[in-house]
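Here's the letter readout for the chains.
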Amino acid sequence: MRIDIISVLPELMESPFRTSILKRAMDKGLAEVHFHHLRDWAINKHRQIDDEPYGGGAGMVMMIEPLDKCISELKSQREYDEVIYLTPDGVTLNQKIANTLSIKQNLIFLCGHYKGIDQRVRDLIFLCGHYKGIDQRVRDLHITKEISIGDYVLTGGELAACVLADSVIRLLPGVLNDEQSALTDSFQDDLLSPPIYTRPEVYKGLEVPKILLSGNFAKIEEWRHNEALRITREKRPDLL
Ligand code: 6GU
């Protein structure tokens, strides 16, 4: 999988991909993440990429032209399965979306900043795939999905892009050591995970459930499933 991330602050996203599991995924060649500084497609020598909103008001708006140039250039190099705009008013990320994206080849993530991007870029989403109806000069400029990572506001889409990339990359075959571990995640079958324990069997009087020491794997699986149901009912009844 290849992810191209477009941002005005790519440096904000460097360390997550240089650490631990994501780093190993990159080192093994299972995932490639490329950062693109939007200012490299700026419209003038001041490297301008944003401007004041028409009609007045607070904050700056990311201009359409640098976005068009940047996305068009990337699309001239390879085909992309999705162009995803990270924005607090997008569809809320969940495990199902991560699963769906994890089987794609090439993705573009566009990080919003300031007040966001010019609405004309977002309006093109509705024309996705219907090239006939749109002005050919903007045929490369449509985003295909808008994703949020939750109902709160961040300073920009960069941290959200890292969250989205992490949720997708960890699902790629070979990224997790124990192939099973993504399959038994919370949410993977719409249930939260059952409790887990490790040595010692007793710590200051706190005991591990006896069933887990029994060696009866059928019973253990049954116990885990029932616990997952109980915990989900207790903490997230909305998932059931
Ligand atoms: Cl994708 N961007 C920003 N700026 N804030 C967010 C978000 C995205 N998702 C949740 N909050």
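Worth saying up front: this structure is predicted, and the values here are computed from it rather than measured.

## Quick word on the overall build of the protein
And step 1. Scanning the protein for helices and strands turns up six helices and nine strands.
And step 2. The C-alpha atoms of the protein give 22 Å as radius of gyration, which overshoots the globular expectation for 240 residues (18 Å, by more than 25%).
And step 3. The dimensions of the protein, computed from C-alpha atoms along their principal axes, are 70 × 40 × 40 Å.
And step 4. Residues classed as buried in the protein amount to 24% of the 240 residues present.
And step 5. Counting only contacts in the protein whose residues sit at least 6 apart along the sequence, the fraction spanning at least 24 positions is 71%.

## Examining the domain arrangement of the protein
And step 1. According to the domain assignment, the protein consists of domain 1 (2-179) and domain 2 (184-239).
And step 2. Averaged C-alpha coordinates put domain 1 and domain 2 at centres separated by 37 Å.

## Digging into the sheet that holds strand β6 (residues 106-111)
Adjacent strands of a sheet pair through backbone hydrogen bonds, lying either parallel or antiparallel.
And step 1. If you walk across this open sheet you meet the five strands as β2-β1-β6-β5-β7, and the pairing is parallel. Whereas interior strands pair on both sides, the edge strands pair on one side only; in this sheet they are β2 (32-37) and β7 (145-148). Within the sheet, the average angular offset between the axes of one strand and its neighbour, ignoring direction, is 30°.
And step 2. Bridge analysis of strand β1 (residues 2-7) against β6 gives five bridges, and the strand direction is parallel. Along β6, the bridge assignment pairs I6 with L110.

## Some remarks on unusual backbone geometry
And step 1. A cis geometry characterises the amide bond from R199 onward to P200, with omega recorded as 5°.
And step 2. At R47, a position not held by glycine, the phi torsion is positive, near 60°.
And step 3. Tracing the backbone shows R47 in the loop between β2 and β3 (50-51).
And step 4. You will see that K204, though not glycine, has its phi angle at about 45°, which is positive.
And step 5. Here K204 lies in the loop between β8 (202-203) and β9 (206-207).
And step 6. A tally of 5 C-beta atoms within 10 Å means that K204 is categorised as exposed.

## A look at the pairing of strand β5 (residues 82-92)
And step 1. Sheet topology note: the β5/β6 ladder contains five bridges and is parallel. By the bridge assignment for β6, V83 is matched with I108.
And step 2. Crossover connection from β5 via helix α3 (residues 95-102) to parallel β6: handedness right-handed.

## Regarding the site of the ligand
And step 1. Residues in close proximity to the ligand total 13 residues, the closest being L86, P88, S148, L154 and A160.
And step 2. Ranked by residue count, the leading element in the shell around the ligand is β5, at three residues.
And step 3. The residue makeup of the shell around the ligand, split by class, is seven nonpolar, six polar and no charged.

## With respect to the nonpolar core
Nonpolar side chains tend toward joint burial in soluble globular proteins.
And step 1. Formed by 46 residues in total, the largest nonpolar core has its most connected members in I5, I84, L86, F109, L110, A161 and L164.
And step 2. Residue assignment for this core shows that the elements contributing at least two residues are β1, α1 (20-27), β2, α2 (64-77), β5, α3, β6 and α5 (158-169).
And step 3. Ranked by residue count, the leading element in this core is α5, at seven residues.
And step 4. In this view, A161 contacts I5, M13, L86, F109 and C111; residues no more than four positions away in its chain are not counted.

## Digging into the UniProt feature "binding site: S-adenosyl-L-methionine" (unreviewed entry) in the protein
And step 1. Under the UniProt annotation, the feature "binding site: S-adenosyl-L-methionine" (unreviewed entry) is placed at G112, I149, G150, D151, Y152, V153 and L154.
And step 2. Along the chain, D151 falls in the loop between β7 and α5.
And step 3. When the 7 C-beta atoms within 10 Å are taken as the criterion, D151 is described as exposed.

Reading the values: the criteria
Residues numbered from 1 in each chain as written. Predicted model: local features only at pLDDT ≥ 70, side-chain atom pairs only at ≥ 80, totals over all residues. Helix = DSSP H or I, 4+ residues; strand = E, 2+ residues; numbered from the N terminus. Rg over C-alpha atoms; globule rule 2.2 N^0.38 Å. Buried ≥ 20, exposed ≤ 12 C-beta atoms within 10 Å, placed from the backbone. Contact = placed C-beta atoms within 7 Å. Domains from an automatic or database assignment. Pairing = 2+ DSSP bridges. Axes fitted to C-alpha atoms, helices over the stretch in contact; angles between N-to-C directions. Right-handed = clockwise from strand over helix to strand, strands pointing away. Near = placed C-beta within 6 Å. Nonpolar A, V, L, I, M, F, W, Y, C, P; charged D, E, K, R; others polar. Core = buried A, V, L, I, M, F, W, Y, C linked by C-beta atoms within 7 Å. UniProt positions renumbered as here; feature names shortened; annotations may be inferred.

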